[in-house]
Amino acid sequence: MYFFIVNYGGGSGRGRRVWRDVRGILQAEAVPYWAFRTKYPGHATRLTIEILRRYGSPQAPVSLVVVGGDGTINEVLNGITDFEKVWLGVIPTGSGNDFVRGHGLLRKTVPALMSILNCEIPERVDVGVAAGDSNAPKLFGISAGIGLDAEVCKKAMESKQKKMLNGVGLGKLTYLLLTIESLFTMKTVDGRVIFDGDFGNVLRLKKLIYLAAMNTPWEGGGVPMSPTADPTDGQISICAAAGVPKWKSFFELPVLVAGKQKKLKDFTLRNARTIDIEMEHPVVLHLDGEYGGDVRRIHIDTLPGKLQLMKGNGCRSCSQSRPRCSC
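Residues numbered from 1 in each chain as written. Predicted model: local features only at pLDDT ≥ 70, side-chain atom pairs only at ≥ 80, totals over all residues. Heavy atoms only, no water.

What should I look at first to understand the pattern of salt bridges in this one?
Charged atoms that come close allow side chains of opposite charge to pair. Taken as a whole, this structure holds nine salt bridges when the rule is applied. Between Glu-278 and Arg-192 there is a salt bridge, with its nearest N and O atoms 2.8 Å apart. One end of the pair, Glu-278, is in strand β14 (residues 274–287); the other, Arg-192, is in strand β8 (residues 189–195), with 86 residues separating them in the sequence. Exposure remark for Arg-192: the relative accessible area of 22% places this residue in the partly exposed category. A salt bridge links Arg-273 to Asp-301; the shortest N-O distance between them is 3.6 Å. (Salt bridge = Lys/Arg side-chain N within 4 Å of Asp/Glu carboxyl O. Helix = DSSP H or I, 4+ residues; strand = E, 2+ residues; numbered from the N terminus. Buried < 20%, exposed > 50% of the residue type's maximum accessible area, 1.4 Å probe, protein only.)

Here it is as structure tokens:
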């Protein structure tokens, strides 16, 4: 039995079309399934909690499939009360799809579905957890961040540009346009980062542009914030830009997009199991592109191998699973 959590609104309506195709294949192949459609923000979290409460056990994990974008995936992650009770699959419908990109999952609907249906042993991947000030901890699969990328994520949630560009298949441009706009309007702030609880291992931040704590290499629709981030290494990768004038950082954007920021002295890249961030003033926090509040202190931890991800063996070149593949 497969349980599907479906967001019709993913990709400004693409979710409805993708689910129609998925449902047709499930019915044609006589695959047993139940489907639940999200109806409001946070609903995927509540659905996940209820599904695992009723049907999940460590001895017989639930096969739970998200048909949606990065935001829906984040909601589902935060509904998993016991990771041993679930195998997670993803059929992407969003405009960014950084979770799928970062975990090497298939993007096309039919191969993605076939890879899930043919998964015999899931891959264990890391999950990040972040808590800002007195807020309750929240999980993330892609990244947590403050500064520029968080400002962009907050604006993108209500962006009319994003909805319009999604409609013509250019949703990724939203993040680029909002990045350029926010770069010149945001206020920089000072702070520090403590790695692995070691106060002798501190990064001082002066006029922070952004800090991204990456579980996977990409965020913001494919920007390689931390090109060497690995969701299976038990660590979070930090990429921070500070002490650089805004006009200069504008010209360094192409270097960031190309994943070559290691060559620039204004960028810092480090790995750690835990990260504590202390800022002089409150800053916007995002978790997988979702607004996480305005906070001064943030604690980020890694949960190694926590999530069981269905990757399967679907063929990337055709629409068939491996046993049926003719490539």
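How should I be thinking about helix α5 (residues 109–117) in this particular structure?
An α-helical turn contains 3.6 residues, so any two residues separated by three or four positions project in the same direction. Summarising burial for α5: seven of the nine residues are buried, a large majority. Along α5, the residues classified as buried are Thr-109, Pro-111, Ala-112, Leu-113, Met-114, Ser-115 and Ile-116. Looking at the packing, one finds that the buried side of α5 touches β1 (2–6), α1 (14–28), β3 (62–68) and β4 (86–92). (Contact = heavy atoms within 4.5 Å.)

Would you mind showing me how to read the confidence of the model for the protein chain here?
Here the protein chain averages 88 in pLDDT, and 88% of its residues register 70 or above. Within the model, the stretch residues 314–327 combines pLDDT values under 50 with 28 contacts to residues more than four positions away or in other chains. (pLDDT = per-residue confidence, 0-100.)

What should I look at first to understand the nonpolar core in this one?
In globular proteins that are soluble, nonpolar side chains generally tend to be buried together. Grouped together as the largest cluster of nonpolar side chains are 27 residues, with contacts concentrated most on Leu-64, Leu-88, Phe-99 and Leu-307. Elements with a minimum of two residues in this core: β1, α2 (43–55), β3, α3 (70–77), β4, α4 (98–102), β5 (123–132) and β15 (290–309). In terms of residue count, α2 provides more of this core than any other element does, four residues in total. Excluding residues that lie within four positions of it along the chain, Leu-88 makes contacts with Leu-64, Val-66, Val-76, Leu-77, Leu-307, Gln-308, Leu-309 and Met-310. Val-189, Val-193, Leu-208 and Val-295 belong to the second largest nonpolar core, which has 26 residues in total. (Core = buried A, V, L, I, M, F, W, Y, C linked by side-chain atoms within 4.5 Å.)

Teacher, can you tell me more about unusual backbone geometry here?
Backbone phi values are negative for most residues with the exception of glycine, while trans is the configuration of most peptide bonds. One non-glycine residue, Asp-196, lies in positive phi territory at about 55°. Assignment of secondary structure puts Asp-196 in the loop between β8 and β9 (198–214). The phi dihedral of Asp-288 is positive, around 55°, even though this residue is not glycine. For Asp-288, a relative accessible area of 7% corresponds to the buried category.

When you look at a nonpolar patch on the surface in this model, what are you seeing that I'm missing?
A surface patch of nonpolar side chains, about 310 Å² in accessible area, is lined by Met-1, Trp-34 and Tyr-55. Structurally, Met-1 can be placed in the segment before β1. For Met-1, a relative accessible area of 47% translates into the label partly exposed. (Patch = residues over 30% accessible without salt bridge, like charges linked within 9 Å, V, L, I, M, F, W, Y side chains within 5 Å. Areas by Shrake-Rupley, 256 points an atom, 1.4 Å probe, with all protein chains shown as cover.)

Which parts of the structure should I look at to understand the pairing of strand β12 (residues 236–242)?
Both faces of the sheet carry side chains from a regular strand, because those side chains alternate between them. Most of β12 is tucked away: seven of the seven residues are buried. In β12, alternate side chains face the same way, and those of Ile-236, Ile-238, Ala-240 and Ala-242 on one face and Ser-237, Cys-239 and Ala-241 on the other are all buried.

Would you take a moment to explain the packing of aromatic side chains for this structure?
What characterises a pair of aromatic rings is the spacing of the ring centres plus the angle enclosed by the ring planes. One pass over the structure, following the stated rule, counts seven aromatic pairs. With 6.1 Å between their ring centres and 90° between their planes, Phe-4 and Tyr-33 make a pair best called edge-to-face. Residue Phe-4 is located in strand β1, and its partner Tyr-33 is located in strand β2 (residues 33–37); the two are separated by 29 residues in the primary sequence. For Phe-4, a relative accessible area of 0% corresponds to the buried category. Ring centres 5.3 Å apart and planes at 75° place the aromatic pair Trp-34 and Tyr-55 in the edge-to-face group. A residue pair is termed long-range when its members are at least 10 positions apart, and Trp-34 in strand β2 and Tyr-55 in helix α2 qualify at 21 residues. You can call Tyr-55 partly exposed: its relative accessible area is 35%. Counting every residue linked through ring pairs, the aromatic cluster contains Phe-3, Trp-34 and Tyr-55. (Phe/Tyr/Trp six-rings, centres within 6.5 Å; stacked < 30°, edge-to-face > 60°.)

Whenever I open this one, the environment of Val-127 confuses me. Can you help?
Along the chain, Val-127 turns up in strand β5. Val-127 sits in the buried class, given a relative accessible area of 1%. Considering only alpha carbons, one finds Val-127 and Pro-231, 104 residues apart in sequence, at a separation of 7.6 Å. Not counting residues within four places of it along the chain, the set of residues in contact with Val-127 comprises Phe-83, Leu-139, Phe-140, Asn-215, Asp-301, Thr-302, Leu-303, Lys-306 and Leu-307.

Just checking my understanding: could you explain the packing of α2 against α3 for this structure?
To describe two helices that pack against each other, one gives the angle between their axes and the distance between the axes. Two numbers describe how α2 lies on α3: the axes approach to 7 Å, and their chain directions differ by 40°. Considering their axes alone, α2 and α3 lie oblique with respect to each other. In terms of crossing hand, the pair formed by α2 and α3 is right-handed. Contact with α2, carried on its side by His-43, Ala-44, Thr-45 and Thr-48, involves Thr-72, Glu-75 and Val-76 of α3 and no other residues of that element. Partitioning the contact of α2 with α3 into residue classes produces two nonpolar, four polar and one charged. (Axes fitted to C-alpha atoms, helices over the stretch in contact; angles between N-to-C directions. Parallel < 35°, antiparallel > 145°, perpendicular 65-115°, else oblique. Left-handed = near helix turned anticlockwise from the far one by under 90°. Nonpolar A, V, L, I, M, F, W, Y, C, P; charged D, E, K, R; others polar.)

I would appreciate a short explanation of the side chain of Asn-215 in the present structure.
Here Asn-215 lies in the loop between β9 and β10 (218–219). Look at Asn-215 and you get buried, because its relative accessible area is 0%. Here the side chain of Asn-215 touches Asp-126 through a polar contact of 3.1 Å, landing on its backbone oxygen. Each residue touching Asn-215, except ones within four places of it in the same chain, is listed here: His-103, Asp-126, Val-127, Phe-140, Gly-141, Ile-142, Ala-229, Asp-230, Pro-231, Gln-235 and Ile-236. (Polar contact = N/O pair within 3.5 Å; in protein donor to acceptor, adjacent residues only side chain to side chain.)

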